[in-house]
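Residue-level structural notes
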Amino acid sequence: MGNQHYVIIGGSVAAVNAAKAIRDHDELAEISIYGEEASFPYNRVKLSKGLFTDLHSDKILIKKEKWFANQRIHVYSGIKVTAIHAEDCTIETANGQTVAYDKLLLCTGAHNRKLVLDGASLRNVHNIRFRQDADSLKAELRQEDRICIIGGGIQGVETAWSFQQAGYAVTILEASHRLMPRQLDEKASAILTDRMTERGTQVYLGQGVQRITGTDHVEGVELEDGSVIPCEHVVYSIGIVPNTELARQIGLDIGHGILVNAQMETSSANIYAAGDAAEFQSKVDGLWESAMEQGKIAGANMAGASVSYQRTLPVTLSNCYESPLFSIGLVDEHVCDTSLINKNRASYTRMFIQNGSICGVIGFGDALASLPYKTAIIQGLKPDAPELTKILNDKEN
Ligand SMILES: Cc1cc2nc3c(=O)[nH]c(=O)nc-3n(C[C@H](O)[C@H](O)[C@H](O)COP(=O)(O)OP(=O)(O)OC[C@H]3O[C@@H](n4cnc5c(N)ncnc54)[C@H](O)[C@@H]3O)c2cc1C
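Cut-offs and rules
Throughout this document, residue positions are counted from 1 along each chain, in the order its sequence is written. Residues qualify for local features only when their pLDDT is at least 70, as the model is predicted, and side-chain atom pairs are given and counted only at 80 or more; totals for whole chains, interfaces and linings, by contrast, use all residues. In computing side-chain values, all of the structure's heavy atoms are included and hydrogens and water are not. Throughout, disulfides are identified as pairs of cysteine sulfur atoms within 2.5 Å of each other. Residue ranges for the domains trace back to a domain assignment, done automatically or taken from a database. By the convention used here, residues are in contact when the closest approach between their heavy atoms is within 4.5 Å. As used here, buried area is the combined drop in accessible area, with a 1.4 Å probe, of two parts when they are placed together. The working definition used for a salt bridge is a side-chain nitrogen of Lys or Arg within 4 Å of a carboxyl oxygen of Asp or Glu. Following the grouping adopted for this structure description, the nonpolar residues are Ala, Val, Leu, Ile, Met, Phe, Trp, Tyr, Cys and Pro, the charged ones are Asp, Glu, Lys and Arg, and the polar ones are all others, Gly among them. The helix count covers DSSP runs of H or I at least four residues long, the strand count covers runs of E at least two residues long, and both are numbered beginning at the N terminus. Under the rule applied, a polar contact is a pair of N or O atoms within 3.5 Å (in protein, one hydrogen donor and one hydrogen acceptor; residues adjacent in sequence only if both atoms are side-chain atoms). A pocket here means an open set of points on a 1 Å grid, computed over the protein atoms alone, that has protein on both sides within 12 Å along at least five of seven lines. A cavity is instead a set of points where a 1.4 Å probe fits but cannot get out; residues with an atom within 4 Å of a point line either one. Grid points are joined across faces, edges and corners, and a volume is the space filled by probe spheres set on the points. Any Phe, Tyr or Trp ring, taking Trp's six-membered ring, that has another such ring centre within 6.5 Å forms a pair; planes under 30 degrees apart are called stacked, those over 60 apart edge-to-face, and the others tilted. The classification of residues rests on relative accessible area computed with a 1.4 Å probe and restricted to protein chains. Under 20% of the type maximum is buried, over 50% is exposed, and intermediate values are partly exposed. Nearness is judged by heavy atoms alone; a residue qualifies as near a molecule or strand once a single heavy atom is within 4 Å of it. To be clear on the numbers: accessible area is Shrake-Rupley with a 1.4 Å probe, and residue cover counts the displayed protein chains and nothing else. Here an axis means a line fitted to C-alpha atoms, over the contact stretch when the element is a helix, while the angle between two N-to-C directions is reported on a 0 to 180 degree scale. Here a crossing is called left-handed whenever its near helix is offset anticlockwise from the far helix by less than a right angle, and right-handed whenever the offset is clockwise.

What to know about the state of the cysteines
Tallied over the full model, the rule gives zero disulfides. With no disulfide partner, C89 has as its closest neighbouring cysteine sulfur the one in C107, 18 Å distant.

Here you go:
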């Protein structure tokens, strides 16, 4: 048998980690990554956190060009894959190539859920998924412009902070009654809201958007109560939709994303999926760390190893508004048995408990402060475990 050709569709974090895992297991393999975006794989997370930094710097690349060359991984950037022919194991690209594969991996990621509202197609309504989106947004910005962010999830909050730091007037609108509803409870959201307001960002909670006003370009955002927030730009961030089109064309099993098992295999032999495009145990994670891990597992299995994906503990760390906070594990009060709140003058921490053990924690503090809690969750410690009591006492003093 000749050397295997592993083809990966989509050039981002899942793809890079898969390619590395393949190379680690198969020294002789041919590995090709086809990515629609024009550049080498980069750190997408920076598009909101570092919106006003140099997004074209080599510093945001996941790996430098030289690394791919050393690993003998071919990256074909700016090339869209338009079809898969599973029956003869080939793919077709937009520039007319037909490429044969032995094993295929779909790392096609996701796109942003579209805003469906009157005015959503006006000029200066933006959403950020690709570097190109960030570039065009920045090209349209004028000094003194006012920005309205629709969606108060982590990405919306981080984008708001980037604009605020860059000196723009920012308003953030969230339909539910708290910011970052997936990560924070009401109290933590209230603390964050106060800190955002103190630094000049206007926060509207529990307010749906009726429409975006303007004739050619954005002039304002009209809320459900009829009030209008004047602004020159709208940036929305209201969730993601996995890119499943290629998979659908060849009849793979699809839920929200491409269904995969713990080995990252799809319903078709020799075709795998990983990252934001994949759905594992009824869930599309939509997280950087998960895409990394799923990519590694897929790559290793494609190259003959036998490893299983175990969902990583969801960890959100945010440093926005000079208010470091963390949310780890299961923090849904409707699902957990109970919770314990530790509140002193300076901080707020809430531990969520299921079957007697800590299953999630929300707290204000940096990555370092979150570590003991992460360990406690992983080890299944009880809330009164001596290790944890000590930490809490130390924090209190
Ligand atoms: C602004 C922003 C901020 C974020 N912040 C965080 C954060 O703080 N923490 C966190 O955990 N996650 C964050 N995320 C999510 C995180 O970036 C994703 O979970 C991660 O990038 C998923 O990686 P992926 O490899 O699955 O796919 P993606 O990064 O979505 O990349 C998929 C790639 O495949 C390409 N592609 C798709 N179809 C084709 C095709 N047919 N042919 C060729 N190429 C194709 C796309 O062009 C794209 O380049 C953020 C995302 C965004 C947009």
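Here the narrative resumes.
Describing the domain arrangement of the protein
When the domains of the protein are assigned, the result is domain 1 (5-44 + 53-111 + 240-302), domain 2 (125-236) and domain 3 (324-396). Counting residues at the interface gives eleven residues for domain 2, matched by ten residues for domain 3. Summing both partners gives a buried area of about 830 Å² for domain 2 against domain 3, and 66% of it is carried by carbon and sulfur. For R178, the salt bridge identified is with E333, shortest N-O distance 3.5 Å. In the side of domain 2 that touches domain 3, the residues fall into five nonpolar, one polar and five charged.

Side note on the environment of K138
Its location among the elements puts K138 in helix 4 (residues 131-140). Residues K138 and G356, spaced 218 residues apart in sequence, show a C-alpha to C-alpha distance of 49 Å. Within the local environment of K138, its side chain forms a polar contact with the backbone oxygen of T53, the two atoms lying 3.4 Å apart.

As for empty space enclosed by the protein
Here the structure, examined in full by the defined rule, presents one cavity of 30 Å³ or more. Its boundaries defined by the atoms lining it, the largest cavity holds a volume of some 40 Å³. I128, Q155, T159, V235, Y236 and S237 are the residues that line the largest cavity. Contributing elements (two or more residues each) for the lining of the largest cavity: helix 5 (154-165) and strand 16 (233-236). Looking at the lining of the largest cavity residue by residue, the classes come out as three nonpolar, three polar and no charged.

Some thoughts on the packing of aromatic side chains
As enumerated under the stated definition, the model contains nine aromatic pairs in all. A centroid spacing of 5.9 Å and a plane angle of 20° characterise the contact between F52 and Y168, whose relative ring orientation is stacked. Linking F52 in the loop between helix 2 (46-49) and helix 3 (65-70) with Y168 in the loop between helix 5 and strand 11 (169-174), this pair joins segments that are 116 residues apart in sequence. The exposure class of Y168 is buried, given its relative accessible area of 14%. Seen in terms of ring centroids, F280 and Y309 are 5.2 Å apart; in terms of plane orientation they differ by 75°. Their pairing is edge-to-face. Of this pair, F280 sits in strand 20 (residues 278-280) while Y309 sits in the loop between helix 8 (288-302) and strand 21 (315-318), and the two are 29 residues apart along the sequence.

Some remarks on the site of the ligand
Neighbouring the ligand are 34 residues; S12, E37, R44, R129 and D276 lie closest to it. Between the ligand and the protein, one listed contact pairs an oxygen atom with a side-chain N or O atom of E37 at 2.5 Å. Within the side chain of R44, one N or O atom sits 2.6 Å away from an oxygen atom of the ligand. For the ligand, the protein covers 92% of the area, taking 1000 Å² as the surface of the free molecule. The dominant element in the shell around the ligand, judged by the number of residues it contributes, is helix 2, at three residues.

What to know about the packing of helix 1 (residues 13-25) against helix 8
Orientation of helix 1 relative to helix 8, taken along the N-to-C sense of each, is 30°, at an axis distance of 7 Å. Regarding helix 1 and helix 8, the two cross each other, and that crossing is right-handed. Residue-level contacts link V13, A14, N17, A18, A21, I22 and H25 of helix 1 to W288, A291, M292, G295, K296, G299, A300 and M302 of helix 8. By residue class, the composition of the contact of helix 1 with helix 8 is ten nonpolar, four polar and one charged.

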